[in-house]
Amino acid sequence: MTNSIRERITRWTGRDVHDPAGEKIGGVEQLWFDDQDGEPTWVSVKTGLLGLRQSFLPVRGLTEGPDGELRTPYPKEQVKDAPNVEASDDHLDPDEERRLYSHYGLTSGTGQQAGTGRQAAAGQRTAAGQQAATGQQTAAAGRHTAADTGHDTSGPNTDDAMTRSEEHLRVGTEKHEAGRARLRKYVVTETEQVAVPVTREEVRVEREPITEANRGAALSGPDISEEEHEVTLHEERPVVDTEAVPVERVRLAKEQVTDTETVAGEVRKERIDTDGDVQGGRSPR
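Keep in mind the model is a prediction, meaning the values are calculated, not measured.

A. Layout of the overall build of the chain. Across its full length, the chain holds 5 helices and 7 strands. Going from N to C terminus, the chain has its helices and strands arranged as α-β-β-β-β-β-β-α-α-β-α-α. Buried positions account for 22% of the 285 residues belonging to the chain. Summarising the internal contacts of the chain: among those between residues at least 6 apart in sequence, 54% fall at separations of at least 24. Carbon and sulfur atoms make up 47% of the accessible area of the chain, which totals about 23100 Å².

B. The arrangement of the environment of E202 in detail. With respect to the secondary-structure elements, E202 resides in the loop between helix 4 (127-133) and helix 5 (215-218). Sequence separation between E202 and L233 is 31 residues, and the spatial gap between their C-alpha atoms is 6.7 Å.

C. Molecular detail of the pattern of salt bridges. Considering all chains together, one arrives at 12 salt bridges under this definition. Measuring nitrogen to oxygen at the nearest pair gives 2.3 Å for the salt bridge that ties D95 to R98. Taken as a pair, D95 and R98 lie in helix 3 (residues 94-103) at a separation of 3 residues, close to a single helical turn. Among the residues examined, R98 registers a relative accessible area of 47% and is labelled partly exposed. Of the charged contacts in the structure, one is a salt bridge between E235 and R237, with a shortest N-O distance of 3.3 Å.

D. Molecular detail of the nonpolar core. V17, W42, V43, L57 and Y104 are the most contacted members of the largest nonpolar core, which has 25 residues in total. If you list the elements that add at least two residues to this core, you get strand 2 (24-34), strand 3 (40-47), strand 4 (53-58) and helix 3. The contacts of Y104, once residues within four sequence positions are left out, are W42, F56, L57, P58, Y74, Q78, V79 and A82.

E. Up close: the confidence of the model for the chain. Overall, the predicted model of the chain reaches an average pLDDT of 77, with 73% of residues at or above 70. Within the chain, helix 4 has the poorest average pLDDT of any element, 34, and strand 6 (residues 70-71) the best, 92. In this model, residues 109-149 is a region of pLDDT below 50 whose contacts with residues beyond four sequence positions or in other chains number 79 contacts.

F. Local environment of the packing of aromatic side chains. Enumeration over the complete set of coordinates arrives at 4 aromatic pairs. On the basis of an interplanar angle of 65° and a centroid distance of 4.7 Å, the ring pair of Y74 and Y104 is categorised as edge-to-face. Highlighted residues: Y74 in the loop between strand 6 and helix 2 (76-80) and Y104 in the loop between helix 3 and strand 7 (117-120), separated in sequence by 30 residues. Here Y74 and Y104 have matching classes, each one buried. Here a set of aromatic residues connected by ring pairs shows up, and it is made of W42, Y74, Y101 and Y104.

G. Focus on a nonpolar patch on the surface. Together, L169, V171, V263 and V267 give the surface a local cluster of nonpolar side chains, amounting to about 300 Å² of exposed area. Along the chain, the position of L169 falls in the loop between helix 4 and helix 5. Classification of L169 by relative accessible area gives partly exposed; the value is 37%.

H. Spotlight on the side chain of S55. Note that S55 resides in strand 4. You can call S55 buried: its relative accessible area is 1%. At 3.4 Å, the side chain of S55 forms a polar contact with the backbone oxygen of V79. Beyond its immediate stretch of four places on either side in the chain, S55 contacts V43, S44, V45, T47, V79 and K80.

I. Spotlight on the pairing of strand 3. The buried fraction of strand 3 amounts to 7 of the 8 residues, a majority that puts the element mostly inside the structure. Adjacent in sequence and paired antiparallel, strand 2 and strand 3 are bridged by 5 residues, among which G38 carries a positive phi angle near 75°. Inspection of the sheet shows strand 3 paired to strand 4 by 6 bridges, in the antiparallel sense. Across the sheet, V45 pairs through a bridge with S55, a residue of strand 4.

J. Quick peek at the pairing of strand 2. Of all the 11 residues making up strand 2, 9 are buried; the element is thus mostly covered by neighbouring parts of the structure. Taken together, the 3 bridges between strand 1 (residues 16-18) and strand 2 define a ladder with antiparallel strand orientation. Paired with D16 across the strands is G27, a residue of strand 2. Where strand 1 folds back onto strand 2 in an antiparallel hairpin, the turn is made up of 5 residues, including G22, whose phi is positive at roughly 85°. Relative to strand 3, strand 2 runs antiparallel, the two being bridged by 5 bridges. Opposite L31, over in strand 3, you have V43 as the bridge partner.

Reading the values: rules and limits
- Residues numbered from 1 in each chain as written.
- Predicted model: local features only at pLDDT ≥ 70, side-chain atom pairs only at ≥ 80, totals over all residues.
- Heavy atoms only, no water.
- Helix = DSSP H or I, 4+ residues; strand = E, 2+ residues; numbered from the N terminus.
- Buried < 20%, exposed > 50% of the residue type's maximum accessible area, 1.4 Å probe, protein only.
- Contact = heavy atoms within 4.5 Å.
- Areas by Shrake-Rupley, 256 points an atom, 1.4 Å probe, with all protein chains shown as cover.
- Salt bridge = Lys/Arg side-chain N within 4 Å of Asp/Glu carboxyl O.
- Core = buried A, V, L, I, M, F, W, Y, C linked by side-chain atoms within 4.5 Å.
- pLDDT = per-residue confidence, 0-100.
- Phe/Tyr/Trp six-rings, centres within 6.5 Å; stacked < 30°, edge-to-face > 60°.
- Patch = residues over 30% accessible without salt bridge, like charges linked within 9 Å, V, L, I, M, F, W, Y side chains within 5 Å.
- Polar contact = N/O pair within 3.5 Å; in protein donor to acceptor, adjacent residues only side chain to side chain.
- Pairing = 2+ DSSP bridges.

What follows is the structure in structure tokens.
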């Protein structure tokens, strides 16, 4: 693998990976390199709810798109269902790597030796570390002398200090549909009682004496006769009718309510112990 290709791969950390259907799988968290030849073999991708789980994905087949996004030939569900391996000491055991190769239908014969992957501290590699990762070690790499900087007994020879790292939870939110509300109008029938004033005509007999004023009308008929006089009586009756009258307008309004939920996740932290004759005793950090 040329230096330019290797340098491009080391910049994949933090980029999104998509499957053949274009669905986002997650972001690249770490790169894993072969201990013997320094070739990149695996990437760990953040998957699951809020990206709290890491799934291993082969570097083989990963391609870089024009916008910098990465595409893998493996579908999202296959990556999410990859064996959950515990990379102790930032190192894949041979059995764990064989399980990963089997899950993706690969064998160590593809040029990637099972069980030799090691995490590359992406974004924190020194210039000497980049040289080690790109395979620019001398033939004497792995056999350090007392004059070597750092006197490392494993991995690339670096400076005189170790970098201790730890994972922090990165928590965010995503919007999901929680339900729906709708307005529905329907008709009900009720009985109302209303008091309505009504009038009617009644008959009463009025008598008046004969006076000069009414004498002419009283003597206009025969002296003695039989006669009937009829009066029509009237009354009011209630009449019921209805009319539709608008009384109010009703609408649905949304408001945001803020609650607090507690989430938990597992994080890994590096600890550094001292061995040997160290002043002040042996204290973990």
